[in-house]
Amino acid sequence: MAAQKRALEESSTSHKSKKTKGADGKPSNPPLATTSLTSEEVDFPRGGGTSFTPLEVKTIRAEGVKEANEELFEDAQTQAKAAKRRKRKSEGKKAAGDASADKNDNIRVEHLNYKRMNIGMKILGQIVSIQPLALIVSLPNQLFAHIPLTNISTQLTELLEGAEESAAEISDDGNDEERVSQARIPELSDIFHEGQYVRGVVTAVYAHGSTDVSVIAKSRDEVARSSRRVELSLLPERINAGVQKADLKTGFASNFFIPSILQAKSICIQTISAAVKSIEDHGYALDLGLPDVSGFLSFKDADKGRYKDKKLYLGQLVDATVSKMSSNGRICNVVADPSTFSSSSLSEVTNASSVLPGALVQSLVTAVNPSGLNLQILGFFEGTVDQVHLRHDHAENPYKIGKKIKARVLYDYSSSPPRFALALTEHALALIPKQKGDATLQAAFPIGLILDSVKITRLESERGATVEVQPGVQGFVHPSIIEQKFLQVADVEVGEIVKGTIKKLTDTGLFVSLSGNIDGVVWPNHYADIVLKHPSKRFKVGASIKCRVRVGAAVSEQVLVVDKDRKRISLTAKKTLVDSTLSVISNFEGVKVGIVTHAVVFKVYEKHLLVEFFNNLKAMVPIKEASETPLHSLADSFPVGRVVRVRIIATEPEHTRIVASIRQASAGFKATVTDISAVEIGNIVQATVSEIHKDNVVLTLQPTQVRALISLKNLANHRTLSVAQLCASLKTGDTLEDLVVVTRNPEKGFVIVASKPKAKEALPSKGSLSMETIALGQLVGGRVTRHTRNGTLIKLNAHIGGILHPTDTCDDYEAGVAFPPIDSLIKATVIGIDQSRKQLALSTRQSKMHPDRAQTIVDRDISDIDDIHTGDTVRGFIKSVAEHGLFVTLGRDLDARVQIRELFDEYVKEWKERFTTNQLVKGRILSVDPITKKIEMSFRTGVLKNPSHLSAGDLQIGQKVEGVVKRIENYGLFIQIENSKLTGLCHKSELSDNKDADVDVALQGFREGDRVKAVIQKVEKSKISLSLKPSNFGEEDFEDDDAQMDDGSDAEESFGVIDEDVIEEVDPSEQGDVSEDDHAEDDEDDDAMVVDIDPSAQVFQPSSSKKSDPSPALPTPSLKLTGGFQWSSTKPQAEEPESDSSSDESDVEASSNKKKRRKRKEIEHDLTADMHTKMPESNADFERILLGSPNSSFLWVQYMSFQLQLSEIDKAREIARRAIRTISFREEQERLNVWIALLNLENVYGTDESLESTFKDAAKANDSKTIHLRLASILDQAEKPEKAEEQFKRTCKKFGQSSKVWTLFGEYYLRRGDLEEARKLLPRSLQSLEKRKHLKTISKFAQLEYKQGEPERGKTLFEGIVDSHPKRWDLWSIYMDMEAGQGDIQSLRNLFDRVLAVKMTSHKAKSFFKKWLELERKIGDEEGSQTVKQKAIEWTQRANAS
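Residues numbered from 1 in each chain as written. Predicted model: local features only at pLDDT ≥ 70, side-chain atom pairs only at ≥ 80, totals over all residues. Heavy atoms only, no water.

## Considering the overall build of the protein chain
Definition in use: Labels follow the DSSP assignment, with helices taken as runs of H or I lasting at least four residues and strands as runs of E lasting at least two, numbered in each case from the N terminus. Only protein chains enter the accessibility calculation, which uses a 1.4 Å probe; a residue whose area is less than 20% of its type maximum is buried, one above 50% is exposed, and one in between is partly exposed. The contact definition used throughout considers only heavy atoms, calling two residues in contact when any of these lie within 4.5 Å. The accessible surface values rely on the Shrake-Rupley method and a 1.4 Å probe; as for residues, cover is taken only from the protein chains in view.
Secondary structure summary: the protein chain contains 41 helices and 54 strands in total. Taken over 1442 residues, the protein chain has a buried fraction of 41%. Long-range contacts, defined here as pairs at least 24 residues apart, represent 61% of the contacts in the protein chain between residues at least 6 apart. Of the accessible surface of the protein chain, which amounts to about 80900 Å², a share of 50% is contributed by carbon and sulfur atoms.

## Quick look at the pattern of salt bridges
For clarity, the threshold we go by: Salt bridges are identified by distance alone: a Lys or Arg side-chain nitrogen within 4 Å of an Asp or Glu carboxyl oxygen.
This model, assessed by the stated rule, comprises 49 salt bridges. A salt bridge links E625 to R663; its shortest N-O distance comes to 3.3 Å. Taken together, the positions of E625 in the loop between β30 (618-622) and α16 (634-637) and R663 in the loop between β32 (657-661) and β33 (684-692) put the pair 38 residues apart, joining distant regions of the chain. Taking the shortest distance from any N to any O, the salt bridge between E990 and K1029 comes out at 3.9 Å. Separated by 39 residues along the polypeptide, E990 in the loop between β50 (983-987) and α20 (999-1004) and K1029 in the loop between β52 (1023-1027) and α21 (1035-1048) bring together distant segments of the chain. Given a relative accessible area of 22%, K1029 falls into the partly exposed group.

## Concerning the sheet that holds strand β20 (residues 455-460)
By definition, the strands of a sheet pair up through backbone hydrogen bonds, in either a parallel or an antiparallel sense. Rule in force here: Whether two strands pair comes down to DSSP finding at least two bridges between them. Interaxial angle, 0 to 180 degrees, is taken between N-to-C directions of lines fitted to C-alpha atoms, where a helix line uses only the stretch in contact.
Taken in spatial order, the three strands line up as β20-β21-β22 in an open sheet, and their pairing is antiparallel. Here the strands that pair on one side only, and so sit at the sheet edges, are β20 and β22 (473-477). Direction aside, the axes of adjacent strands within the sheet are offset by 25° on average. In the sheet, strand β21 (residues 464-470) pairs with β22 via five bridges, with the strands oriented antiparallel.

## Section: the side chain of D1010
Stated precisely, the cut-off is as follows: None of His or the chain ends enter the tally, which takes Lys and Arg as positive and Asp and Glu as negative. Identification of polar contacts relies on pairs of N or O atoms within 3.5 Å, with a donor-acceptor requirement for protein atoms, meaning one able to donate a hydrogen and the other able to accept it, and with residues adjacent in sequence counted only if both atoms are side-chain atoms.
Among the structural elements, D1010 can be located in the loop between α20 and β51 (1011-1020). Although D1010 is buried, it forms no salt bridge, and the closest oppositely charged side chain is R1007 at an N-O distance of 4.0 Å. Of note is the side chain of D1010, whose polar atom sits 2.8 Å from the backbone nitrogen of R1007.

## Some details on helix α35 (residues 1315-1328)
Helical periodicity: at 3.6 residues per turn, an α-helix aligns residues three or four positions apart in one direction. Under the convention used in this document: To estimate how far a helix should reach, multiply one less than its number of residues by 1.5 Å.
The end-to-end C-alpha separation of α35 is 21 Å, in line with the 20 Å expected for 14 residues at 1.5 Å each. What α35 keeps buried is the set A1318, R1319, L1321, L1322 and S1325. Where the residues of α35 are buried, they touch α34 (1299-1312), α36 (1334-1348) and α37 (1351-1364).

## Regarding the pairing of strand β44 (residues 885-891)
Among the seven residues in β44, six count as buried, and that is most of the element. Between strand β43 (residues 873-882) and β44, which pair antiparallel and follow one another directly, the connecting turn spans two residues. Bridge analysis of β44 against strand β45 (residues 894-899) gives six bridges, and the strand direction is antiparallel. Residue pairing for β45: L886 is matched across the bridge by V898. Connecting the antiparallel pair β44 and β45 is a turn made up of two residues, with D893 showing a positive phi of about 60°.

## Quick word on the packing of aromatic side chains
The condition that has to hold: We call Phe, Tyr and Trp rings a pair once their centres come within 6.5 Å, taking the six-membered ring for Trp, and we label the pair stacked below 30 degrees between planes, edge-to-face above 60, and tilted otherwise.
Counting across every chain of the model gives 21 aromatic pairs. For the pair Y813 and F877, a centre-to-centre distance of 5.0 Å together with 50° between the ring planes defines the contact as tilted. Highlighted residues: Y813 in the loop between β40 (801-804) and β41 (825-834) and F877 in strand β43, separated in sequence by 64 residues. Residue classification places Y813 among the buried positions, given a relative accessible area of 2%. Relative to F1305, the ring of F1288 lies with its centre 5.2 Å away and its plane at 5°, an arrangement referred to as stacked.

## So, the sheet that holds strand β9 (residues 283-287)
Spatially, five strands are ordered β8-β9-β10-β12-β11 in a closed barrel, and the strand pairing comes out mixed. The mean inter-strand angle of the sheet, taken between neighbouring strand axes irrespective of direction, is 55°.

## Considering unusual backbone geometry
For the bond running from Q702 to P703, omega is 0°, close enough to zero to count as cis. When you line up the elements, P703 lands in the loop between β34 (696-702) and β35 (707-711). Unusually for a residue other than glycine, K838 sits at a positive phi of about 55°. Note that K838 resides in the loop between β41 and β42 (839-843).

## A short note on helix α41 (residues 1422-1441)
For the record, the criterion: The arc in question is traced by the directions running from the helix axis to the C-beta atoms.
In a regular helix each residue adds 1.5 Å, so 20 residues correspond to 28 Å; α41 covers 29 Å between its end C-alpha atoms and thus fits that length. Among all positions in α41, only G1424, S1425, V1428 and W1435 are buried. Projection of α41 onto a plane perpendicular to its axis shows the buried side chains occupying an angular sector of 100°, all on one side. Facing away from the buried side of α41 by over 90 degrees, the exposed positions are E1422, E1423, Q1437, N1440 and A1441. If you follow the buried residues of α41, they end up packed against α39 (1385-1396) and α40 (1402-1419).

## With respect to the packing of helix α28 (residues 1193-1205) against helix α29 (residues 1209-1222)
When two helices pack together, you describe them by how their axes are tilted relative to each other and by the distance separating the axes. Definition in use: Working rule for angles: under 35 degrees goes down as roughly parallel, over 145 as roughly antiparallel, 65 to 115 as roughly perpendicular, anything else as oblique. Gly is put with the polar residues, along with every residue not named as nonpolar or charged; the nonpolar set is Ala, Val, Leu, Ile, Met, Phe, Trp, Tyr, Cys and Pro, and the charged set is Asp, Glu, Lys and Arg.
Interhelical geometry of α28 versus α29 gives an angle of 170° and a closest axis separation of 8 Å. As far as their axial angle goes, α29 and α28 are roughly antiparallel. Where α28 abuts α29, its residues W1196, Y1199, M1200, Q1203 and L1204 lie against I1209, K1211, A1212, I1215, A1216, R1218, A1219 and T1222. In terms of residue class, the contact of α28 with α29 is made up of nine nonpolar, two polar and two charged.

## Considering a nonpolar patch on the surface
In plain terms, the rule: Two joining distances apply to patches: 9 Å for like charges and 5 Å for nonpolar side chains (Val, Leu, Ile, Met, Phe, Trp, Tyr), and every residue must have over 30% relative accessible area and no salt bridge.
Residues L449, L451 and V454 make up a contiguous nonpolar surface patch of about 230 Å² in total accessible area. As for its placement among the helices and strands, V454 is situated in the loop between α12 (441-444) and β20.

## Looking at the side chain of R1011
Summarising the element assignment, R1011 is placed in strand β51. At a separation of 3.3 Å, a polar atom in the side chain of R1011 contacts the side chain of E962. Looking at R1011, its side chain comes within polar contact range of the side chain of E978, at 2.9 Å.

## Considerations on the packing of helix α32 (residues 1264-1277) against α34
Contact pair α32 / α34: the axes reach a minimum separation of 11 Å and the direction vectors enclose 5°. The orientation of α32 with respect to α34, classified from their angle, is roughly parallel. Touching K1265, L1269 and D1276 of α32 are K1300, V1301, L1304, Y1308 and R1311, all from α34.

## Re the environment of Q839
Structurally, the position occupied by Q839 is in strand β42. In the structure, Q839 is positioned 36 residues away from I803 in sequence and 7.3 Å away in space, judged by C-alpha atoms. Once you skip the residues sitting within four places of it in the chain, Q839 turns out to touch M771, L793, G801, G802, I803, G832, I833 and D834.

## Quick notes on the confidence of the model for the protein chain
How we decide: Known as pLDDT, the predictor's confidence for each residue is given on a scale from 0 to 100.
Chain-level statistics for the protein chain give a pLDDT mean of 75 and a share of 75% at 70 or above. Within the protein chain, the lowest mean pLDDT, 31, falls on strand β54 (residues 1099-1100), and the highest, 92, falls on β45. Between residues 99-104, whose pLDDT stays under 50, and residues either more than four places distant or in other chains, the model counts zero contacts. Note that pLDDT drops below 50 for residues 250-267; the model gives that stretch 59 contacts with residues more than four away or on any other chain.

## Let's talk about the environment of V881
Structurally, the position occupied by V881 is in strand β43. For the pair V881 and T917, spaced 36 residues apart in sequence, the C-alpha separation works out to 7.0 Å. Contact partners of V881, with chain neighbours within four places excluded, come to L886, W911, K912 and F915.

Now the structure itself:
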């Protein structure tokens, strides 16, 4: 349009035109231009013309250029600044993105629990139980939920709601069968099965303890009770919420059926939960829960899957797979094939809400955490897998970052951004129930099954412990379960005392919580011993009662009834039953006649009572057994609920009937007994034998017919017979006269009698005896009352008693009785008087009672320790059998110890069986300590301890030695030199000085075991030549031998237990068969030697003519004989026979006499005993012994040693391997002994390769650590320090978690004096050991420093320990013991002051004060002891004040 021309002043620019100046210099307005155009000219004339003048145009252009330049400069600066800001902003965003990425890379793996569950969460579960009105579902992470009947589907709910109306209509028209069939509601078991996986939505989460679900409220099942807290819904409209109609189209990822044509194009189909809406002509119409979309399942497709030959019910849920959408998008065809459901995977989705639980999705591992995995699923969403849902073999085949795997969606976290929990376990991926073998997990491991051992695989602070039950089967242990005493009702035993918490008190009973979810009930009749009118005053929830309170009000009850089927426990709070110590009767099998127990009156009848025991077991009490006095009314005397004491008097198993008595259970009840009032103590009676028992004889007194007992030993002593001889002669019906009554027992109706003592010397009357009138050496008489450890107690009169020590009974222990029978009357002499205790020390030794008569004393009286000397042979009685050996009584207040190693010459494993208290034993004194009065004794037949062992280097030519003939060959004698393991050869030419003598006959005069004296002739290369020629010896040698023979007669004696029975039976026969002349002749034969050999110079025969041990330096196995082993059948002679000095007797005659004597000895000897007691000397001997003891490592090692002596190294190895194969696998220690022996053999005789090979075999067959340490010890003892150190290093590397290995290594270094290396081990060990072993290890190293290093360094280590752990009293004690070994009493005093300043119990303080006092007495002074006592008093006062 046309516009009026703008004036110059109104130009569009903001700049004004330049004004012209006049001549006067003042600005003036320019003159108006004149134009021919009209005022209506256009602004933009055609053709590019302008209305401005050239000057105006030039001015406008200059101003425009200036403004443009200014604006361009400002824009460049602004852009640079903006670019810098954008760069910083992008860098910040990038850093934040990196941090966010790092953060997202490690998403926390959370465990599902009740607190993390929220309403609307979709979750995958498995049906574990089908109830009438609900489903019990197992959820991930040990959780349970329930699905009410009304939360299955809308159609099923409509059927339930219309059931009542339909039933009413059907009742009006009973002929309408079709409507009846339509109205049928399916059971839950018809449409679901256990083990089935279902998708659910959380609809409610209840707080703990506030659940009251009506559908499962009455269930007692633990799983059902646990499922009350969570409620789920299976409604398709809730499950499929979020799935769009577009998701059902072709191309959307699914985890179900994929037709082949779609598989070729890599297209997936969606899976969905649907409910049967109606039944049509060709299939089922389904409700998918999506608007404007209905599902259809044809009968053909239904028959292909799980529902083959089964009819689907209305409202039944179907796991459907989308196969095709109709063209109009309103009908969705589906299939129901479970195999396709479990095998197909989801690869892409349009949104997170379309991912349903149970979907199998493609995933990428983004992070591996100790608690599980982080995954990226479908390329968009984050997911986590906790440890529980990983494969069972993930430890062997770990997951790696970047690996693509398939996982099953368990639930969503309902968070933003979306996040899912997934599972990788085999059964979850396959959607099948987890199985163990052919059975399901529930069937293989039912509730209540006890697992002997499980392996803890993981500990989690917020959850508990994960354990491996079996390979591939894991279990979970909650911390609260470990603290529970009872896990199930079956764990509670009837009659057991339990503690619980009052839960609720109602009119019907008192409910008590026992442990976990186990409850019990106390019925009103068991509240107390009496009827409580107001139970609420006594039992209040949360109020404390008499018992100790822990949580709420703790009560103590006794389990009365356990109903395992109904899972109910009945309790009783009756004080009498709870505190009862009598037997508990809970079943008929435990009922025995005579048992006294408590019962409760259950029901009262007119003529009898019914009483109840535990476990509903009842008994009948007749009215005559209810009370001693007649009762008018049983109901008044015995109200229901009263606790009574009853005795079982009869049982009838065929009718399961029990008869009890209240009257006979009373404390004052007396049974009918025989009247013995006619018999008084001291009466002389006559009796007939009724019964003969092992120790006693039952008599019937005449004419009173009172039953009596008499001891067999008492009767045998009176008749001077042995017990065995008395039992052989005594018969039932025999009459015994002159019996005296010594004890009466009116309660039991019998008496005890004894033989009337024979007339003896008159003793002082009991009335005249008093402590003032009794003198030492006086003869007194009394009655044996009791046996104690210290001897026999004898009653002299009413006020004076005496004690007879076993060693004071007789002068020959074998001939007397150490402990006279109880109630026997004896005469003794007083040897000691104790005025304070009014007790006498008595003795029945004939040498004490009649000192003026000549007596033969076999066992001398040892009254003081000075009477015993080292080397003495004494006899005594076993006082006690301890773990470390025996204690033998030698005299009054004198006991000797016999250690285990001193009991036998050979190794005996079960040695305790061979000894009993009061046995008579014989041994040799090893050491006597007069200060401490400690005596060491030995039963071994060898020489005294610590003999000097000779070596070949100690022998010199011409030296005279003693020995034992070990072996006899045709060319000479092999003699083992005494106190050594050396054996020398005496050639037969060195037997006699007479060159014409028949040396072969001389050889026949020697026997194996004969003691001889010889002279060293030659020593070269361990070969020793000996000579027995008489010319090599002088008269002084003979004189020494005579003295040694007297002493040496004991050296070969049999020690140990004395067999009294053998001695009694052998002596008479020997005395009857052998005359004195024969004895003399035998003695002469023993000493006579053939040819010209001087018997006194060469042969040392013991007085008892027994055989010597052929190898006394080696232990020999012996027979197990209770009373010892007699080497000969005759007693040793008291005196040494005179030696025959004549050498002119005929050799033939001497030889003939010796042959006769040997022949007689062969008749008298039991040669089988010799076979078992002599040392094996050949392979056959060892094989014979090993047949009887194949598991004895001692014999096998001796067999190996025997082969080594013969230089049979390979055979020794073979025997060791054979021993390992032969010894039972249960005898681990025996097998270990053989392995150690084999290692020693290889170390000495083998090569490094053979030693290493044997070591590896031993480590496989035994405890590897033990073998490693033993080999290091062997190398150390063999003086191979480099190899020993290498072995220790190898052991520490393999067993770095063992404190023992490090301490032994440190001890090795310290023994070698390498202190620095030993100290370097401590920090190294602490890096390898568990933290709980640190204190123990530091303490061990500190002790080693005290013993073998620097005590000051050990003190520093202990100071560090007690400073960091001031209440470790055991470490304080060790510290004190180490300091006590240094003898610094002041340092010990400081330690005790410090430890007693720490707060502790009075018991612990008492032990420290006692220890302090003992140390003050040992290494301190009297003043220190007094200080300790004063401080103990002060400590006690402070403790009482506080």
